[in-house]
Amino acid sequence: MDAFIEQALGLLGAAGWTLLLCLTSGVAGTAFGFVLGLMQISKNPALRWPAVVYVTVVRGIPVLLLIFFVYFGVPLLLGVNLEPFFTGFVSLALVGAAYTGEIFRGAIQAVPRGQSEAATALGLNAADTMFRVILPQALRIAVPAGTGFLINLVKDSSLIGIIGFVELTRAAKILSNLTLDPLGAFLMAAVIYFFISFAISRVGALLERRLTPQFGARKPRVDDPALTPTGH
Amino acid sequence: MNLYFGDILPYMGQLLTALGVSLGITVASFVIGGVLSIAVYAGKASSIKLLSLLCTGYIGLFRNTPLLVQIYLIYFGLPVFGINLDVFQASLIALSLNNASYCAEIVRGGFNSVPRGLVEAGEALGLDRWTVFTRVTLTPALRAVYPSLVNQFVHLFLTSSLASIIGLPELMHAILEINSQTYRSIEVLAIGALLYFASGFLISLIARVGERFLFRWAVNV
């Protein structure tokens, strides 16, 4: 029993690395994805096409292949050797950007056209229209897909173990070699992954509820200067 | 650095053979998983509590854990019970089970989209239960979720690359092997990426043409 607790604690420690990897690459990927999402709906072809090509290509190749690209390619192209963690961070952020880019594009386009027309009619500038009218509504639409993205990110992070970073899956592999009990080791890892995913989907459901106006989202203040018509 | 693709040319045959293996295992696990997913959906929707719970648990477990862990569990874990699988069997089972859990959710959406009245009409016409299921429920349900199924197929094709980790000689495996023989990492990875991307693109294209043929009876295709 002591051995079991020790092993479980070891895997939980590795799960911490999985979470750190996902948190950092998730934040970086979402930031890059946000830019890609805006570029994809831009009217300027010089902005739109690179983003569309990037999103299509990254989504059209295996995540594992992209990881190897970063793993073998970055040292060759830039002449620097990356730490395994950093290789994982870069590749997961690149993948995440493609997926969130598509999510942001879809969510922004799902906001009814009348909303931006109304904002323009009220005299709001482009930035205020985007950040105060479109995005708050788009974010709510994006939450379910965003939850799915985060769960996929956690699952994809298992591939970082292949290039040598000891995250949860790699730790389970090492443990199974030590204890000669692959079934136990991988089942424990599976249970931890399951609870991480479960937690993410619960938080996602809560967030979606919070962002829905009739369930207590913060209503825009009427005296908000950006929402006051100008030019009269 | 300079790129040189010449070193890869002698290996093109190997890459294309490996692509064939990738496509083969994708088709096989998609068909097996697809049939299984209908059974899983039926189990989940069944009124037998235990069966419904088991199927719900299966879907939840396989959708919320990494495919790599599932492959490891089946390849390294099952021999504990005396079930020794070779690389091909383990990959096929892992990909099929994984695909079934995703397809079950897609299939659920499809069946939910078929109006109850359609089934009642079928029964009223005196069709037997099997015919009602295959012709009145299943076919329109598949048609409704056809695009999602195509996406899932392409997704399965891309994730089948994980089978390379336990040594299945498919495309990703061939890419890594050629990489270690030629040290032309970027070149071989680029060609591999192109093969994956082009195949996925072609599959979607063929599927879109196939849709017109498969569902040509439908009024508004």
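Residues numbered from 1 in each chain as written. Chains lettered and ligands numbered in written order. Predicted model: local features only at pLDDT ≥ 70, side-chain atom pairs only at ≥ 80, totals over all residues. Heavy atoms only, no water.

### Topic: the interface of chain A and chain B
Frequently, the measure chosen for interface size is the accessible area that the parts lose on association.
Part 1 of the reasoning: Opposite the 29 residues of chain A that make contact, chain B presents 33 residues.
Part 2 of the reasoning: A buried area of about 2,800 Å², summed over both sides, lies between chain A and chain B, and 84% of it is on carbon and sulfur atoms.
Part 3 of the reasoning: Counting the contacts that link chain A with chain B gives 3 residue pairs in polar contact (both at pLDDT 80 or more).
Part 4 of the reasoning: Of all the elements in the fold, those that place two or more residues in the side of chain A that touches chain B are α2 (45-60), α3 (63-78), α6 (126-156), α7 (168-179) and α8 (182-211) of chain A.
Part 5 of the reasoning: For the side of chain A that touches chain B, the residue count by class is 20 nonpolar, 6 polar and 3 charged. (Contact = heavy atoms within 4.5 Å. Buried area = accessible area lost by both parts, 1.4 Å probe. Polar contact = N/O pair within 3.5 Å; in protein donor to acceptor, adjacent residues only side chain to side chain. Helix = DSSP H or I, 4+ residues; strand = E, 2+ residues; numbered from the N terminus. Nonpolar A, V, L, I, M, F, W, Y, C, P; charged D, E, K, R; others polar.)

### Some words on the confidence of the model for chain B
Reading predicted coordinates in detail is not appropriate for stretches of low pLDDT.
Part 1 of the reasoning: Per-chain confidence: chain B averages 92 in pLDDT, with 98% of residues scoring 70 or above.
Part 2 of the reasoning: In the model output, the complex is listed with pTM 0.89 alongside ipTM 0.90. (pLDDT = per-residue confidence, 0-100.)

### What to know about the side chain of B:S22
Residues and elements named next belong to chain B.
Part 1 of the reasoning: Along the polypeptide, S22 turns up in helix α1 (residues 12-45).
Part 2 of the reasoning: Under the relative-accessibility criterion, S22 is labelled buried at 0%.
Part 3 of the reasoning: If near-sequence neighbours (up to four positions away) are discounted, S22 is found in contact with F157, S160, E170, L171 and Y196. (Buried < 20%, exposed > 50% of the residue type's maximum accessible area, 1.4 Å probe, protein only.)

### As for the packing of aromatic side chains
Part 1 of the reasoning: Counted under the stated rule, the structure contains 21 aromatic pairs over all chains.
Part 2 of the reasoning: Summarising the aromatic geometry, the rings of A:F194 and A:F195 are spaced 5.9 Å apart at their centres and angled 85 degrees between planes, so their arrangement reads as edge-to-face.
Part 3 of the reasoning: One aromatic cluster in this structure is built from A:F186, B:Y72, B:Y75 and B:F76.
Part 4 of the reasoning: Here the guanidinium or amino end of A:K173 rests over the ring plane of B:Y72, the centre of that ring lying 5.7 Å away.
Part 5 of the reasoning: The ring of B:F76 is capped by A:K173, whose NZ or CZ atom sits 4.6 Å from the centre of that ring. (Phe/Tyr/Trp six-rings, centres within 6.5 Å; stacked < 30°, edge-to-face > 60°. Lys NZ or Arg CZ within 6 Å of the ring centre and 35° of its normal.)

### Observations concerning the packing of helix α6 (residues 129-159) of chain B against helix α8 (residues 185-214) of chain B
All names here are of chain B.
Part 1 of the reasoning: One can describe the packing of α6 onto α8 by two numbers: an axis separation of 10 Å at closest approach and a directional angle of 155 degrees. For the element pair α6 / α8, the angle class is roughly antiparallel. Between α6 and α8 lies a crossing whose hand is right-handed. Contact residues: Y146, P147, V150, F153, V154, F157 and L158 in α6; Y196, S199, G200, I203, S204, A207, G210, E211 and L214 in α8.
Part 2 of the reasoning: Considering only residue class, the contact of α6 with α8 consists of 11 nonpolar, 4 polar and 1 charged. (Axes fitted to C-alpha atoms, helices over the stretch in contact; angles between N-to-C directions. Parallel < 35°, antiparallel > 145°, perpendicular 65-115°, else oblique. Left-handed = near helix turned anticlockwise from the far one by under 90°.)

### Section: the packing of α1(B) against helix α4 (residues 87-112) of chain B
Helix packing geometry: the angle between the two helix axes and the distance between the axes.
Residue and element names in this part refer to chain B.
Part 1 of the reasoning: Remark: α1 packs on α4, axes separated minimally by 5 Å, with the N-to-C direction vectors making an angle of 50 degrees. With respect to their mutual orientation, α1 and α4 come out oblique. Regarding α1 and α4, the two cross each other, and that crossing is right-handed.

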